[in-house]
Amino acid sequence: MKITVVGTGYVGLVSGTCLAEVGNDVLCLDVDPAKIKILEDGGIPIYEPGLQEMVTRNVAAGRLHFTTDVEKAVQHGTIQFIAVGTPPDEDGSADLQYVLAAARNIARTMTDYKVIVDKSTVPVGTADKVKAAVADELKKRGLEVPYSVVSNPEFLKEGAAVEDFMRPDRIVVGAEEEQAIHLMRALYAPFQRNHERLIITDVKSAELTKYAANAMLATRISFMNELANLAEVLGADIEMVRQGIGSDPRIGYHFLYPGCGYGGSCFPKDVKALIKTAADDANITLRVLTAVEEANDLQKHILSEKIKARFGADLKGKHFALWGLSFKPNTDDMRDAPSRELIKDLFAAGATVSAYDPVAMHETQRIFGDDSRLKYAESPMSALDEADALIIATEWKEFRSPDFEAIKAALKNPVIFDGRNLYDPKFVRNSGIEYFAIGR
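Here is what the cut-offs are and how they apply
- Residues numbered from 1 in each chain as written.
- Predicted model: local features only at pLDDT ≥ 70, side-chain atom pairs only at ≥ 80, totals over all residues.
- Heavy atoms only, no water.
- Helix = DSSP H or I, 4+ residues; strand = E, 2+ residues; numbered from the N terminus.
- Rg over C-alpha atoms; globule rule 2.2 N^0.38 Å.
- Buried < 20%, exposed > 50% of the residue type's maximum accessible area, 1.4 Å probe, protein only.
- Contact = heavy atoms within 4.5 Å.
- Areas by Shrake-Rupley, 256 points an atom, 1.4 Å probe, with all protein chains shown as cover.
- Pairing = 2+ DSSP bridges.
- Axes fitted to C-alpha atoms, helices over the stretch in contact; angles between N-to-C directions.
- Salt bridge = Lys/Arg side-chain N within 4 Å of Asp/Glu carboxyl O.
- Right-handed = clockwise from strand over helix to strand, strands pointing away.
- Parallel < 35°, antiparallel > 145°, perpendicular 65-115°, else oblique.
- Left-handed = near helix turned anticlockwise from the far one by under 90°.

(A) The arrangement of the overall build of the protein in detail. Helix and strand counts for the protein stand at 17 helices and 14 strands. Computed over C-alpha atoms, the radius of gyration of the protein comes to 24 Å, within 12% of the 22 Å expected from 2.2 N^0.38 for 440 residues, which places it in the range of a compact globule. Counting only C-alpha atoms and orienting by the principal axes, one finds that the protein spans roughly 75 × 45 × 45 Å. When burial is assessed residue by residue, the protein has 54% of its 440 residues classed as buried. Once local pairs closer than 6 in sequence are excluded, the contacts in the protein between residues at least 24 apart make up 73%. Surface exposure of the protein reaches about 19700 Å², of which carbon and sulfur atoms provide 52%.

What follows is the structure, encoded as structure tokens:
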């Protein structure tokens, strides 16, 4: 099948590449010439495990192409995926300007039947707005060209996006027209040979499903973080509690890990947008999600509070080693990362930081600029030089089994603040290190 993907960010590039991998002819469009140049030169503008190799393979096979030419992209694909950004507006709602601009661009030059697919995470009712935008542009041209608008939300985890696309848990397609449903079934057939994973819904239900999924996962995280804070005060161990409740099949173990808050491009933005949608479009206050957001905002300061409790509110002259910057492992994504709030808190209290992250240091440098209070280390151990304590903000695999004797020897004070509960508290404390975790 001939497919056009508008947008080469996480969702667009992963989707386009994986669709090419199973034999489709895919053209990826982006209005940013810098991104397209990186792709044409053999690179990728994001970090995602396994993606670079798959892009290279499919470009070489002639199945994956890149362009900035809108008309060429519109003419190419019968199926047109819109996978552009929907950043939060100042009021927390999803900004749909890029989605609607993409829809209008398709309508301005389309000459035959198109299935326009909303792949971006968008509020309920967006498909109607896309449909209206397309109809408006066709009317201006004085043409009647058939088209369908479909909602096909992505459920990709950053750091495992390629695997998630190639082996999906479910494929949700919100569509009403039979021809569009037929084409979407054909498109996704190679991804569900083992068993049927396709769930056909109405458009609005598909749009809400994506927000509901992310909101539920965010709720589990905030719930566990609040329980962890309580466990700490009561003298219980949240890890034992996690095992005790996770073993209940009605609850399960996923997303029950307490820590220093959630971040990334999805959970914070989608929780905000769902709260806003409910308030504006339905006059409903989502009290649970409002509490989820508030709990997460507070949790991002939990490590700095622990540090001040140990070293005092004035951290002038103190220097801290920080392991992990990205909001989660296997990505360089710094959007709403807890490390950002932590670094700001430490700066505000007068401290300096030496940070190490396997892939996110370049992105962090772009955010914080040439701030002399933040240095970047070449390895986890070199970050410890002259540091008063070690802080862990991201659970990268390479941090899981460190040499505690070497850490103890390198630090001015043998103290670890672990925002991801990576270690056994007894083992670390028996090594002669003060250990502050979350709820343990």
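(B) Molecular detail of the sheet that holds strand β11 (residues 374–376). With parallel pairing, the 6 strands of this open sheet are ordered in space as β11-β10-β9-β12-β13-β14. At either margin of the open sheet sits one strand with a lone partner, and together these are β11 and β14 (434–436). When strand polarity is set aside, the average angle formed by the axes of neighbouring strands in this sheet is 20 degrees. Here strand β12 (residues 389–392) runs beside strand β13 (residues 415–418); their pairing, made up of 3 bridges, is parallel. Bridging across to β13, I392 finds its partner in D418. Against the sheet, helix α13 (residues 302–311) touches β9 (319–323), β12, β13 and β14, its axis set at about 155 degrees to β13. Relative to the sheet, helix α15 (residues 361–368) contacts β10 (352–356) and β11, its axis offset from that of β11 by approximately 160 degrees.

(C) Summary view of the pattern of salt bridges. Within this structure, the stated rule accounts for 28 salt bridges. K204 is the salt-bridge partner of D128, the closest N and O atoms lying 3.8 Å from each other. Of the two residues, D128 sits in helix α6 (residues 126–141) while K204 sits in helix α9 (residues 203–234), which places them 76 residues apart along the sequence. Accessibility expressed as a relative area gives 42% for D128, which makes it partly exposed. A network of salt bridges, in which partner residues are shared, links R104, R108, D136, E137 and K140.

(D) Highlighting the pairing of β10. Extensive coverage of β10 is indicated by the burial of 4 of its 5 residues. Where β9 lies against β10, 5 bridges are found, and the strand directions are parallel. Counted as the bridge partner of H319 is T352 from β10. Tracing the backbone out of β9, into helix α14 (residues 338–348) and back to the parallel element β10 gives a crossover that is right-handed. The pairing of β10 with β11 spans 3 bridges and is classified as parallel. Looking across to β11, one finds that A355 is bridged to Y376. With α15 bridging β10 and its parallel neighbour β11, the resulting β-α-β unit is right-handed.

(E) Local environment of the packing of helix α1 (residues 10–21) against helix α3 (residues 51–60). Where α1 meets α3, the axes come as close as 9 Å, and the angle between the chain directions of the two elements is 50 degrees. With respect to α3, the element α1 is oriented oblique. Taken as a pair, α1 and α3 cross one another with a handedness that is left-handed. Of the residues in α3, those in contact with L13, V14, T17, C18, A20 and E21 of α1 are L51, M54, V55, R57 and N58.

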